[in-house]
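Fold and geometry: a report
Below are the chains, spelled out letter by letter.
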Amino acid sequence: MLKPLSDRVIVKMTEKEETTKSGIILAGNAQEKSQIAEVLEVGPGELVNGKREEMTVKKGDKVYLSEYAGTKIKYEGEELVVVRESEILAIVD
């Protein structure tokens with residue numbers, strides 16, 4: 001598995017439902033891009049004045065990202081996104 005550096009977090013975007021609540025099936029281009037992701041790996045935290053800043057998110061958290069956050073990568077056939085912790089807007093309960 002990949003191990004992110006500094007304050008970076010590796011996430012996998014969750015799949016958005018393709019059917020509306022009323023039963024209408026959406027075409028691929030009519031769907032909104034999902035902005036909720038699952039945290040797969042967390043870096044050790046940013047080094048500030050010789051001390052590591054503790055990371056707020058942890059492995060397994062569901063998080064909400066800004067629409068254009070991070071860098072998309074492909075690793076072992078999976079599409080993942082590497083984001084800085086500051087690009088994560090919220091943790092989803």
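One can find the structure itself at the top, above this paragraph.
Okay, so let's go over this structure. Computed from a prediction, not measured in an experiment: that's the story for all the values here. (Residues numbered from 1 in each chain as written. Predicted model: local features only at pLDDT ≥ 70, side-chain atom pairs only at ≥ 80, totals over all residues. Heavy atoms only, no water.)

1. Details of the overall build of the protein
Let me state the cut-off plainly: Elements are defined by DSSP. Helices are runs of H or I of four residues or more, strands are runs of E of two residues or more, and each kind is numbered from the N terminus. Partly exposed describes any residue whose relative accessible area lies between the buried limit of under 20% and the exposed limit of over 50%, with all areas from a 1.4 Å probe on protein chains only and scaled to the type maximum. Two residues qualify as a contact provided that any one of their heavy atoms is within 4.5 Å of a heavy atom in the partner residue. All accessibility values rest on the Shrake-Rupley procedure with a 1.4 Å probe; residue burial counts only the protein chains present in the view.
In terms of helices and strands, the protein carries 0 helices and 8 strands. If you list the helices and strands of the protein from N to C, you get β-β-β-β-β-β-β-β. Each of the 93 residues in the protein was classed as buried or not, and the buried ones make up 27%. When contacts within the protein are restricted to residue pairs at least 6 apart in sequence, those whose partners lie at least 24 apart make up 63%. Carbon together with sulfur atoms contributes 49% to the accessible area of the protein, which is approximately 6800 Å² in total.

2. Some remarks on the sheet that holds strand 1 (residues 8-13)
Definition in use: A strand pair is defined by DSSP finding two or more bridges across the two strands. Under this scheme, a helix contributes an axis fitted over its contacting stretch, all axes are lines through C-alpha atoms, and angles between N-to-C directions fall in the 0 to 180 degree range.
An order of 6-7-1-2-5-8 is seen for the 6 strands of this open sheet, with the pairing classed as antiparallel. A single partner strand is all that each edge strand has here, and the edge strands are strand 6 (71-75) and strand 8 (88-92). The mean inter-strand angle of the sheet, taken between neighbouring strand axes irrespective of direction, is 45 degrees. Relative to strand 5 (residues 62-65), strand 2 (residues 36-42) is paired through 3 bridges, and the arrangement is antiparallel.

3. Comments concerning the side chain of Asp61
Note the threshold: Here a polar contact is recorded for every N or O atom pair within 3.5 Å, except that within protein the pair must consist of a potential hydrogen donor and a potential acceptor, and residues adjacent in sequence are included only if both atoms are side-chain atoms.
Residue position: Asp61 is located in the loop between strand 4 (51-52) and strand 5. Taking relative accessible area as the criterion, Asp61 reaches 10% and is therefore assigned buried. A polar side-chain atom of Asp61 sits 2.9 Å from the main-chain amide nitrogen of Lys58. With sequence-adjacent residues up to four places away left out, Asp61 is seen in contact with Ala37, Glu38, Val39 and Ile91.

4. A few points about the pairing of strand 5
The two faces of strand 5 differ: Val63 and Leu65 on one face are buried, but Lys62 and Tyr64 on the other face are not. In terms of strand pairing, strand 5 meets strand 8 through 4 bridges, oriented antiparallel. What sits directly across from Val63, in strand 8, is Ile91.

Remember that the coordinates give geometry; whether it matters functionally is a separate question.
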